[in-house]
Amino acid sequence: DDLEGLVHFDYLIITLGRRLATEKIPGFFENAKQLLGISAAERFRDSIEKFTSGDIVVGLCPNGFLPVPVCESALALAHRFRDKMANEVVSVTAVFPETVDDAFLGSTLFRDLRTAFDTSGVRVVERFPITSIGSRSLTSDSGEELAYDLAMLIPPFRGQASLMHLGAGYDPQGFLKVDEYLKVAGHENIFAAGDILSLSGPRFGYMAIRQGKVAAANVLAAISSDHSAIQYEHKLAWAIGEKYSDPIYFHYGFWDESLDDFDENAFFGMAKNLREKYGPISGFGKPLGGSAS
C-alpha cells in the first residue's frame, strides 16, 4: 500500500489469478452457499449442521471451472445423510451446466463418477446452466426450475479488469490469451500462468505449477542463448483415485515421471510419496525413472 508510481521490467510473468463473479448470477449472494474462502466455507458448514430434512443441491455455475468440489461435496453429503436419504427424508443432487464429462474436459478419471453418484444415491442433473437463484429454486437458461432447501454452488469466475489495457491479450471475461509458449497475445515480453489464463476446461493447482515452469523457462530462453523455448501442453491428468484414498475425495495431478519435479515437502509431494509407495498404475503414465507401463 505504500508503493506508488511505476515498476519497470524487461520481462513480466502475470499470475494474478481469477476473481469470483457472483454478480453474474442474480440471487447468488442472497441465497446460495459456496466454499471459496474460510468464512464462506464456515457458513456452509453451519448450514449443514442445522440441516435435518429437504433437498440439497450442489452445483457448478457456467464458467465455474471447478468441478471437483461439486463432486466431492455431493458424495460427502450423501455419506453424511445416508440414513436420511435411505428413508427419503433428505435428497442430494449434483448439477452441471453441460455434462459431467464436459466439466472435466473429457479427462480420464480413475473412477466411474456416474456409478459413484448412483451408488451413493446422488441424483445428477446435466445441461442445466444456472442463470438465477431464488429463495427456493434454481433457474436455468431455458426457464427450467430446480427446487432446493440448501444450495452450495461454485460461482462463475472472471479475470482481472486491471489487465484490460493489454488489448489483444485480454479476452471478454478478463482472462489473458496466450500462445503455446504462454506469451500474452500482442506482447513479446509478457507471459502469464495460472488461473488468469484464458484456457478451456477446469483449473487445477498442478496446471499452474506447470505453467509457471514453462513461463519461467521461456523468459530464460528469451534472455539467454543457453536455453531453448518450450511449449505448454494443456492437458488433465489424475494422480490418485479411490484405489489409494477415501472414495469421497479426489486427489489429482501427475502420476508419472513429472512428479520428479516436486520436492517431497512441496506442493504435490504427497502424490510423489504415494506414487513411490504403490508403484505405477497399469496403462497410465511412466514409472518414476522407468519406461511406460
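Since this is a predicted model, take the numbers as computed values, not measurements.

**Here we look at the overall build of the protein chain**
Within the protein chain, the regular secondary structure consists of 8 helices and 11 strands. Burial analysis of the protein chain (293 residues in total) assigns 43% to the buried set. A fraction of 63% describes how many contacts in the protein chain between residues 6 or more apart in sequence connect residues 24 or more apart. Counting every atom, the protein chain has about 15200 Å² of accessible surface; 49% of that belongs to carbon and sulfur.

**Here we look at helix 3 (residues 67-80)**
An ideal rise of 1.5 Å per residue puts 20 Å on 14 residues; helix 3 measures up with 20 Å between its terminal C-alpha atoms. Where helix 3 is concerned, the buried positions are Pro67, Val68, Val70, Cys71, Glu72, Ser73, Ala74, Leu75, Leu77 and Ala78.

**Section: the sheet that holds strand 9 (residues 150-154)**
Ordered by their spatial adjacency, 4 strands build an open sheet running 5-4-3-9, and the pairing between neighbours is parallel. Each edge of the open sheet carries a strand with a single partner, namely strand 5 (123-125) and strand 9. Strand-to-strand twist across the sheet, computed as the mean angle between neighbouring axes with direction ignored, equals 20°. Alignment of strand 3 (residues 54-60) against strand 4 (residues 90-95), held across 6 bridges, turns out to be parallel. Residue pairing across strands places glycine 59 opposite valine 95, the latter belonging to strand 4. Sitting on the sheet, helix 3 is in contact with strand 3, strand 4 and strand 9, with an inclination near 160° to strand 3.

**Here we look at the packing of aromatic side chains**
Overall, the coordinates contain 3 aromatic pairs when judged by the stated rule. Joined through ring pairs, the aromatic side chains of Phe65, Phe157 and Phe175 make up one cluster. Directly above the ring of phenylalanine 81 sits arginine 80, whose terminal nitrogen or CZ lies 5.7 Å from the centroid. The ring of phenylalanine 65 has arginine 203 lying over it, and the distance from NZ or CZ to the ring centre is 4.0 Å.

**Examining the packing of helix 3 against helix 6 (residues 113-120)**
Viewed as axis vectors pointing N to C, helix 3 and helix 6 meet at an angle of 25°, and their least axial separation amounts to 9 Å. Of the possible angle classes, the one that applies to helix 3 and helix 6 is roughly parallel. For helix 3 against helix 6, the interelement crossing comes out left-handed. Facing helix 3, whose interface residues are Cys71, Ala74, Leu75 and Ala78, helix 6 presents Leu113, Ala116, Phe117 and Ser120. Of the residues in the contact of helix 3 with helix 6, the class split is 7 nonpolar, 1 polar and no charged.

**Re the pairing of strand 3**
When you tally the buried positions in strand 3, you get 6 out of 7 residues, the bulk of the element. Judged from the 5 bridges that link them, strand 3 and strand 9 form a sheet pairing that is parallel. Across the sheet, leucine 60 pairs through a bridge with isoleucine 154, a residue of strand 9.

**Let's talk about the sheet that holds strand 8 (residues 145-147)**
Read across the open sheet, the 3 strands follow the order 6-7-8; overall the sheet is antiparallel. The two strands at the open ends of the sheet, each matched to only one other strand, are strand 6 (130-133) and strand 8. Between one strand axis and the next, the sheet turns through 25° on average, direction left out of account. When strand 7 (residues 137-140) meets strand 8, the two strands line up antiparallel, connected through 3 bridges.

**What to know about the confidence of the model for the protein chain**
Model confidence for the protein chain is summarised by a mean pLDDT of 83, while 77% of its residues fall at 70 or above. Counting interchain partners and residues more than four positions distant, the pLDDT-below-50 stretch residues 252-257 has 37 contacts. Overall, residues 281-293 carries pLDDT values under 50, and its contacts beyond four positions in sequence, including any with other chains, amount to 32 contacts.

**Some points on the pattern of salt bridges**
Any two side chains of opposite charge can pair, given that their charged atoms come close. Here the structure, examined in full by the defined rule, presents 7 salt bridges. Ionic pairing is found between aspartate 149 and arginine 136, a salt bridge with its closest N-O pair at 3.1 Å. Taken together, the positions of aspartate 149 in the loop between strand 8 and strand 9 and arginine 136 in the loop between strand 6 and strand 7 put the pair 13 residues apart, joining distant regions of the chain.

Procedures and definitions
- Residues numbered from 1 in each chain as written.
- Predicted model: local features only at pLDDT ≥ 70, side-chain atom pairs only at ≥ 80, totals over all residues.
- Heavy atoms only, no water.
- Helix = DSSP H or I, 4+ residues; strand = E, 2+ residues; numbered from the N terminus.
- Buried < 20%, exposed > 50% of the residue type's maximum accessible area, 1.4 Å probe, protein only.
- Contact = heavy atoms within 4.5 Å.
- Areas by Shrake-Rupley, 256 points an atom, 1.4 Å probe, with all protein chains shown as cover.
- Expected span 1.5 Å × (residues − 1).
- Pairing = 2+ DSSP bridges.
- Axes fitted to C-alpha atoms, helices over the stretch in contact; angles between N-to-C directions.
- Phe/Tyr/Trp six-rings, centres within 6.5 Å; stacked < 30°, edge-to-face > 60°.
- Lys NZ or Arg CZ within 6 Å of the ring centre and 35° of its normal.
- Parallel < 35°, antiparallel > 145°, perpendicular 65-115°, else oblique.
- Left-handed = near helix turned anticlockwise from the far one by under 90°.
- Nonpolar A, V, L, I, M, F, W, Y, C, P; charged D, E, K, R; others polar.
- pLDDT = per-residue confidence, 0-100.
- Salt bridge = Lys/Arg side-chain N within 4 Å of Asp/Glu carboxyl O.

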